[in-house]
Amino acid sequence: MAGCVTRVELSVSCESLLDRDLGSKSDPLCVLLQEVGSGQWAELDRTERIKNCQNPEFCKKLVVDYYFEKVQKLKFGVYDIDNKSFDLNDDDYLGGIECTLGQVVSSSVFTRPLDLKQGKPAGKGTITISAEEIKDTRHVYLEIEAQNLDKKDFLGKSDPFLEFYKQSDAGTWQLVYRSEVVIKNNLNPCWRKFDVPLQTFCGGDFNKPIKVQCADHDSDGSHDLIGTFETSLTELQGAGNGSPVEFECIHPEKKQKKKSYKNSGIIRIKSCKIVTEYSFLDYIMGGCQINFTVGVDFTGSNGDPRSPDSLHYISPDGVNEYLMAIWSVGSVVQDYDTDKLFPAFGFGAQVPPSWQVSHEFALNFNPSNPYCQGIQGIVDAYRQILPQIRLYGPTNFSPIINHVARFAAHSAQQGTASQYFVLLIITDGEITDLDQTRQAIVNASKLPMSIIIVGVGEADFKAMEFLDGDNGVLKSLTGEPAARDIVQFVPFQQFKNAPREALSQMVLAEVPKQLVSYYKWQGWPPVKLPEIKKL
């Protein structure tokens, strides 16, 4: 399970709050709650109280852990605080809203009217929330070499490596980076270019002392110090454009013992660059839309939809595994798509009026406009089409992958991080065109696109696991490797008795990494650049 993607701070302001105090204005405070399941809510954070104010702009930020793959239901409540107790039950409620964190982070500014209860507005009161990631997304990239290092090994030259330490607020030195130790027998080493998050390297403080140690690696762990020096990021930044910054590597004991001692070698910083590493939220908040497409397997191996043992049989309570997969994944993704219009296709069925087998037919039978309104629209189209088609075969994935890839390729030509495509394929796993699908995935790996495959039923899903590529890079039939891993396969069986959100968490955990990896590979920043964020 993927960990928390990031932490988000929410800035809250309100306008036109109700006036509950006699003779003065309300003294508002905003509390943030998150749903923890079965209608229960837990408090995450609260703002300060602002005295006598109907249009408060709260200074204290509300902090929440953000997970892309979960629907995180939030409740903001505004209260008039007239006592010193922490409990809010004895304070006047000025209104609140319920929303998802996905809705907030995908809107640059999120404004809603406050309600006293469902359908009863709190006068003209509104709440405005804006989100910002708590994270310095910059990395320090360094290229370093050394000259004339001291020889430490009796039978050979030194095997040098570097260690970087930052000084903590308490004055102690904390290791932030250790170089690779593959440079054997070399007194003039050139180390591989490396990067360290700026937050880790110096806590974002360019003048914080940095200590660099150069040592001779011994396999028994008793590394011998060659020398050390102190610097700061400001000083290191002087390197670049062919003019390196040089430091004498000093061994303290040698310096004390020998008056003629100069140094134990020269460490040369060839380049020091600070590069912003954009996060998933940077792209989403910067205006990137996630376009969600569904492909449903209507092949004969699913069984006759009228029979209760068919995977397409809709039970008396109105569900089946296909519908559950659409709901659980779609409910998360829909927050990141402004128009809420989702193309939905079927494959592997005979379709009226010609009864030809089709591998990409619109669920709404409208090929020129295959869009469904919201996730409910996909569900409705699926229910309506089931009695009108004949389940058949073969099970070909490549046509629908190539269909979405054409849109992704068109979007990629714009050269901006504005559109990313997620294709959900729901299947019973009996794939016929494995070789063509491999090629389609390899092609799609060069595009702004991710593919999620949910396997329903109890078939052998070895082919799906092969396409997932977790056990090695997926290659086409000709041996061409995928540019990046874009397929996530999940068997529905494992989640049959789990809460509905468990499936979406597993299925969507990879998407943020896949989206960032594509735009990083292309070198595309977010459409709207984030401001440098400070803790």
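The protein chain goes by Copine-3 in an unreviewed UniProt entry, where it is assigned to Ceyx cyanopectus. Per UniProt, the protein chain carries the Sequence similarities (unreviewed entry) text "Belongs to the copine family." Per its UniProt entry, the protein chain bears the Function (unreviewed entry) comment "Calcium-dependent phospholipid-binding protein that plays a role in ERBB2-mediated tumor cell migration in response to growth factor heregulin stimulation."

Caption draft 1: Region of interest: the nonpolar core. If you look at the biggest cluster of nonpolar residues, it comprises 112 residues, and the most contacted ones within it are Leu10, Phe76, Ile127, Phe298, Leu363 and Met449. Composition of this core by domain shows at least three residues from each of domain 1 (6-134) and domain 3 (281-522). Discounting chain neighbours no more than four positions away, the residues touching Ile127 are Val12, Ser13, Cys14, Cys30, Phe76, Val78, Ile97, Phe110, Thr111, Arg112 and Leu114.

Caption draft 2: Molecular detail of the state of the cysteines. Under the definition given, this model contains zero disulfides. Looking at Cys99, it has no disulfide partner, and the nearest cysteine sulfur is the one in Cys30, 10 Å off.

Caption draft 3: Broad picture of the environment of Leu467. Tracing the backbone shows Leu467 in helix α10 (residues 462-468). Residue Leu467 is classed as buried on the basis of its relative accessible area of 1%. Separated by 453 residues in sequence, Leu467 and Cys14 have C-alpha atoms that sit 50 Å apart. Excluding its chain neighbours within four sequence positions, the residues that come into contact with Leu467 are Ile431, Leu434, Thr437, Arg438, Ile441, Ile453, Leu474 and Val487.

Caption draft 4: Region of interest: the packing of aromatic side chains. The full count for this structure, using the stated rule, is 22 aromatic pairs. Ring centres of Tyr322 and Tyr382 lie 6.5 Å apart, and the angle between their planes is 25 degrees; this geometry places the pair in the stacked category. Of this pair, Tyr322 sits in helix α6 (residues 321-333) while Tyr382 sits in helix α7 (residues 374-385); the two residues are 60 residues apart in sequence, bridging distant segments of the chain. Here Tyr322 matches Tyr382 in class, with each residue buried. Through a chain of ring-to-ring contacts, the aromatic side chains of Tyr278, Tyr283, Tyr420, Tyr518, Tyr519, Trp521 and Trp524 assemble into a single cluster. The ring centre of Tyr165 lies 5.7 Å from the NZ or CZ of Lys211, which sits over that ring. Looking at Arg390, its charged tip hangs above the ring of Trp355, at a distance of 3.9 Å from the centre.

Caption draft 5: The arrangement of the sheet that holds strand β20 (residues 356-358) in detail. With antiparallel pairing, three strands are arranged side by side in an open sheet as β20-β19-β23. Each edge of the open sheet carries a strand with a single partner, namely β20 and β23 (390-391).

Caption draft 6: Geometry of a nonpolar patch on the surface. On the surface, a cluster of nonpolar side chains totalling about 260 Å² of accessible area is made up of Leu341, Tyr371 and Phe407. Within the fold, Leu341 resides in strand β18 (residues 341-347). Residue Leu341 is classed as partly exposed on the basis of its relative accessible area, which comes to 32%.

Caption draft 7: Geometry of the domain arrangement of the protein chain. Along its sequence, the protein chain is carved into domain 1 (6-134), domain 2 (138-276) and domain 3 (281-522). Placing the centre of domain 2 and that of domain 3 at their C-alpha centroids yields a distance of 49 Å.

Quick notes on the rules
Residues numbered from 1 in each chain as written. Predicted model: local features only at pLDDT ≥ 70, side-chain atom pairs only at ≥ 80, totals over all residues. Heavy atoms only, no water. UniProt positions renumbered as here; feature names shortened; annotations may be inferred. Core = buried A, V, L, I, M, F, W, Y, C linked by side-chain atoms within 4.5 Å. Buried < 20%, exposed > 50% of the residue type's maximum accessible area, 1.4 Å probe, protein only. Domains from an automatic or database assignment. Contact = heavy atoms within 4.5 Å. Disulfide = S-S within 2.5 Å. Helix = DSSP H or I, 4+ residues; strand = E, 2+ residues; numbered from the N terminus. Phe/Tyr/Trp six-rings, centres within 6.5 Å; stacked < 30°, edge-to-face > 60°. Lys NZ or Arg CZ within 6 Å of the ring centre and 35° of its normal. Pairing = 2+ DSSP bridges. Patch = residues over 30% accessible without salt bridge, like charges linked within 9 Å, V, L, I, M, F, W, Y side chains within 5 Å. Areas by Shrake-Rupley, 256 points an atom, 1.4 Å probe, with all protein chains shown as cover. Salt bridge = Lys/Arg side-chain N within 4 Å of Asp/Glu carboxyl O.

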